[in-house]
Amino acid sequence: MALAFAGKSRSVTAMAKGERAMESSTAGIFKNPDSLLSKVQHQVSPDQRLSVFSKLCFAIGGAPIQIAGSATGFFLQIYLLDVAQISPFQASVVLFVGKVWGAVSDPVIGFFISKSRWTKIGRLMPWMVASTPFVVISYFCLWYVPPFISGRVVWYLGFYCVYQTLITCFHVPYSALTMFLSTEQKERDSATAYRMTMEVLGTLLGAAIQGQIVANAHTLKHCRNQSLGATQLGNGTAAEQVTQIVRSLSPSLDILSYVQKELYMIAAGVIAALFLLCTVVMLLGVKEKEDPYALGTEKPIPFHKGFYLVMRHGPYLTLTGGFLFITVAIQLVQSNFILFCMYAADLRDHFQNIVLTILLSAAISIPFWQWFLQRFGKKTAAYCGISSIIPFIILLVLTPHLTVAYVVAVSSGLSVAASLLLPWSMLPDVVDDFRLMNPFSKGHEAIFYSFYVFFTKFAAGISLGVSTLCLEFAGYLPRVCQQHPLVAYTLKLLIGMAPVAFIIMGLVLLLLYPINEKVRLRNKFALAELRKQSLSSRIQTEDLNHLGSHHL
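Novice: Help me out: how do you make sense of the packing of aromatic side chains in this one?
Specialist: The geometry of two aromatic rings is summed up by the distance between their centres and the angle between their planes. Evaluation of the coordinates by the stated rule reveals 29 aromatic pairs. Ring geometry for tyrosine 343 versus tyrosine 476: centroids 5.9 Å apart, planes at 80°, classification edge-to-face. Placement of tyrosine 343 in helix α13 (residues 314-343) and of tyrosine 476 in the loop between α18 (445-474) and α19 (485-495) is noted, with a sequence separation of 133 residues between them. An identical accessibility class is assigned to tyrosine 343 and tyrosine 476; each is buried. For the pair tryptophan 424 and tyrosine 452, a centre-to-centre distance of 5.3 Å together with 75° between the ring planes defines the contact as edge-to-face.

Novice: Where do I start with a nonpolar patch on the surface in this structure?
Specialist: A cluster of nonpolar side chains, Phe96, Val97, Phe458, Ile462 and Val466, forms an exposed patch at the surface whose accessible area comes to about 360 Å². Those elements that provide at least two residues to the nonpolar patch are α4 (88-114) and α18. When residues of the nonpolar patch are assigned to their parent elements, the largest contribution, three residues, is made by α18. You can see phenylalanine 96 is positioned in helix α4. Residue classification places phenylalanine 96 among the partly exposed residues on the basis of a relative accessible area of 32%.

Novice: What is the right way to read helix α20 (residues 497-510) from this model?
Specialist: Count 3.6 residues to each turn of an α-helix, and residues three or four apart come out pointing the same way. Between its first and last C-alpha, α20 extends 20 Å over 14 residues, near the 20 Å set by a 1.5 Å rise per residue. Looking only at α20, the buried set comprises Pro499, Val500, Ile503, Gly506, Leu507 and Leu510. Along the long axis of α20, the arc covered by the buried residues comes to 125°, so they all point the same way. On its buried face, α20 sits against α13, α15 (378-387), α16 (389-398) and α19.

Novice: When you look at the side chain of serine 190 in this model, what are you seeing that I'm missing?
Specialist: Secondary-structure assignment places serine 190 in helix α7 (residues 185-214). By relative accessible area, serine 190 is classed as buried at 19%. Setting aside its immediate chain neighbours within four residues, serine 190 contacts Lys55 and Gln370.

Novice: What's the story with the packing of α16 against α20 in this structure? I'm lost.
Specialist: Axis angle and axis distance: for two packed helices, these are the angle between their axes and the distance between the axes, and together they describe the pair. One can describe the packing of α16 onto α20 by two numbers: an axis separation of 10 Å at closest approach and a directional angle of 170°. Between α16 and α20, the angle is such that the two are roughly antiparallel. Taken together, the residues of α20 that come into contact with α16 (itself represented by Ile389, Ile390, Ile393 and Ile394) are Pro499, Val500, Ile503 and Ile504. Taken together, the residues of the contact of α16 with α20 sort by class into eight nonpolar, no polar and no charged.

Novice: Where do I start with the environment of methionine 198 in this structure?
Specialist: Considering the arrangement of structural elements, one finds methionine 198 in helix α7. Each C-alpha atom of the pair methionine 198 and proline 64 lies 9.6 Å from the other, and the pair is 134 residues apart in sequence. Among residues more than four places away in sequence, those in contact with methionine 198 are Leu56, Ala59, Ile60 and Ala63.

Novice: Quick question: what am I supposed to make of unusual backbone geometry here?
Specialist: Peptide bonds are mostly trans, and most non-glycine residues show a negative phi. Of note, the phi angle at glutamine 85 is positive, near 60°, even though the residue is not glycine. Looking at where glutamine 85 falls in the secondary structure, it is placed in the loop between α3 (52-83) and α4.

Novice: It is not clear to me how the pattern of salt bridges should be interpreted in this structure. Could you clarify?
Specialist: Side chains that differ in charge, positive against negative, can pair when their charged atoms come close. A complete count under the given rule lists five salt bridges for this structure. Glutamate 187 serves as the salt-bridge partner of lysine 55, at 3.8 Å between the closest nitrogen and oxygen. In this pair, lysine 55 sits in helix α3 while glutamate 187 sits in helix α7, placing the two residues 132 residues apart along the sequence. As far as burial versus exposure is concerned, lysine 55 and glutamate 187 are alike and both buried. The partner of aspartate 429 in a salt bridge is lysine 378, and the shortest N-O contact between them spans 2.7 Å. With aspartate 429 in helix α17 (residues 402-437) and lysine 378 in helix α15, this residue pair connects regions lying 51 residues apart in the sequence. Among the residues examined, aspartate 429 registers a relative accessible area of 4% and is labelled buried.

Calculation notes
Residues numbered from 1 in each chain as written. Predicted model: local features only at pLDDT ≥ 70, side-chain atom pairs only at ≥ 80, totals over all residues. Heavy atoms only, no water. Phe/Tyr/Trp six-rings, centres within 6.5 Å; stacked < 30°, edge-to-face > 60°. Helix = DSSP H or I, 4+ residues; strand = E, 2+ residues; numbered from the N terminus. Buried < 20%, exposed > 50% of the residue type's maximum accessible area, 1.4 Å probe, protein only. Patch = residues over 30% accessible without salt bridge, like charges linked within 9 Å, V, L, I, M, F, W, Y side chains within 5 Å. Areas by Shrake-Rupley, 256 points an atom, 1.4 Å probe, with all protein chains shown as cover. Salt bridge = Lys/Arg side-chain N within 4 Å of Asp/Glu carboxyl O. Expected span 1.5 Å × (residues − 1). Arc of directions from axis to C-beta. Contact = heavy atoms within 4.5 Å. Axes fitted to C-alpha atoms, helices over the stretch in contact; angles between N-to-C directions. Parallel < 35°, antiparallel > 145°, perpendicular 65-115°, else oblique. Nonpolar A, V, L, I, M, F, W, Y, C, P; charged D, E, K, R; others polar.

The analysis is restricted to geometry; functional conclusions fall outside its scope.
Structure (structure tokens):
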């Protein structure tokens, strides 16, 4: 008994000494970061190296999120207006409330994930596997037109909120999974590049599937012979203009409506099947790992204290704020682009090919941006990649011709790729910086990722709701051959001036982002040093416990 008590006392003392040693080491690292940089070599531990197969399976797991997100991002607004035939105001309510609901779901799901226990397949993987079947069902119902008319807005609002909640149960753990693939920044960056490439391909695939299947539902052939000129619509009272537009409708619209509904259901079925397939591939090919040298304490920090620490971390707030504005800009362009092509640029018959050109350019340029950020740094890559879209957006609005549209599509793809890759490549660096500042606070990765998605979704929801309300005020009418000139002018503002203003605000915030390449490397090597000391302390504690039990 006495020997056992003495052994336990020695182990507790050793643990206390280990924690004090790591605390003093943390201070020493910050005092002499340059000496540490000169000592540590760029080596990857063999057990933390990821195979190409694992990276591919991890990347494939994120593809269905983008496939479904691309379909809803490009087509849900026009689907609600022209196929489901709810008013622009009702559509704005569905899009805004649904996005905000999804945003609120992110921190809630993040809280429950942070409380989850490790299982045989990990702590995050069970969330993704369990949510997948329900995501598929809710997504399919979102593209179904119910037989009743008066309550359709309730139907779409309900299923859009359910879908946003369920996709959050998949997206938040998948995003946080990056931190549990490897402790090496190089391997995580490589996995992120694989992920972003596959997600851009997923976005491309989603737009291709949805666009090519439902394109005939929106390239209305009757408009070629019965369209009204902009000058004709500009004369007369508002009531006379509406009468002219209504008379321009084809008598076969009922048949067209049936075809539209069927085409959207087919596209939803194909995307739902891909979602299931990609999740199975990820489950079979990815192994979730707990940081073997994670710094920690036996007393976990409560969620609200962890949230408080995260929200006080300056680099996280700067990064989130910057990309919040950039995400709003991209969302405005994405959600209004098809309407712009149809009613403001006379590109009705080409919109699906222009969208595919943008996404194909983005997919091809992901490896370039991965090389660029490694060569010149992530912050420089963000500035160069995202700012380059500004002149091309302005050019498309001022000169909406087909040739210009394709040139702009190729150039815009470069910026889209940068806006997709950079935040998810920079966020792990912020988490590492937080870990170094709070070495005994662990398990908060889900808070970082869930609240990042929360803020960006919330802002995107506001932008979607406001943009659709602008169309309501401008006098948008569903399924007409040509809209009032005020609608075309509004679409040009939503595609041009508004995104440019948001991008500039986001880039100004990123100027304040403090983690440059020198800081990032310092954090990497400092964390490696602390992990070694933590491992040494644990081994010493285990040896003392073993010695105590041996004497007993």
